[in-house]
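Breakdown of the fold
So you can see what is in the structure, the chains are spelled out below.
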Amino acid sequence: MKYLYTQNESDQVQTNFMKNGKVIHIPSKEKKKYILLHDFIKRLDEEKMYYEQEINAELLMGSNIG
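All values reported here derive from a predicted model rather than from experimental measurement.

The next point concerns the overall build of the protein chain. The secondary structure content of the protein chain amounts to three helices and two strands. Sequence-ordered secondary structure for the protein chain, helices as α and strands as β, is α-β-β-α-α. At 12 Å, the protein chain has a C-alpha radius of gyration in line with the 11 Å of a compact globule built from 66 residues. Reported as C-alpha extents along the three principal axes, the dimensions of the protein chain are approximately 30 × 30 × 20 Å. Counting all 66 residues of the protein chain, 20% fall into the buried class.

A separate point is the nonpolar core. Core analysis: the largest hydrophobic core is formed by eight residues, namely Val13, Phe17, Met18, Val23, Ile35, Leu36, Phe40 and Leu59. The dominant element in this core, judged by the number of residues it contributes, is helix H2 (residues 30-42), at three residues. When near neighbours in sequence (up to four residues on either side) are disregarded, Leu36 contacts Val13, Gln14, Phe17, Met18, Val23, His25 and Pro27.

Before going further, it helps to spend a moment on the pattern of salt bridges. Tallied over the full model, the rule gives four salt bridges. For Glu9, the salt bridge goes to Lys31, with nearest N and O atoms at 3.0 Å. With Glu9 in helix H1 (residues 7-17) and Lys31 in helix H2, the pair connects residues that are 22 residues apart, well separated along the chain. A relative accessible area of 27% means that Glu9 is categorised as partly exposed. Here Lys31 falls in the partly exposed class, since its relative accessible area comes to 27%. For Glu54, the salt bridge is made with Lys48, and the minimal N-O distance between the two is 3.2 Å. Of the residues examined, Glu54 reaches a relative accessible area of 29% and is grouped as partly exposed.

Parameters at a glance
- Residues numbered from 1 in each chain as written.
- Predicted model: local features only at pLDDT ≥ 70, side-chain atom pairs only at ≥ 80, totals over all residues.
- Heavy atoms only, no water.
- Helix = DSSP H or I, 4+ residues; strand = E, 2+ residues; numbered from the N terminus.
- Rg over C-alpha atoms; globule rule 2.2 N^0.38 Å.
- Buried < 20%, exposed > 50% of the residue type's maximum accessible area, 1.4 Å probe, protein only.
- Core = buried A, V, L, I, M, F, W, Y, C linked by side-chain atoms within 4.5 Å.
- Contact = heavy atoms within 4.5 Å.
- Salt bridge = Lys/Arg side-chain N within 4 Å of Asp/Glu carboxyl O.

Next up, the structure:
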């Protein structure tokens, strides 16, 4: 499912759920999860093959996630 969102919504989600570019809390709302993941995916190199551990290291912070 795709969601439309504004830059303001993206900024708010980043502020509320991320710190230093890493997810610190996973939102309960699907749209906010979508925003987090969509923005994260845009940072990846589409020519590179990533291992799960690399994705987790780039995306997640803390032991309360994952």
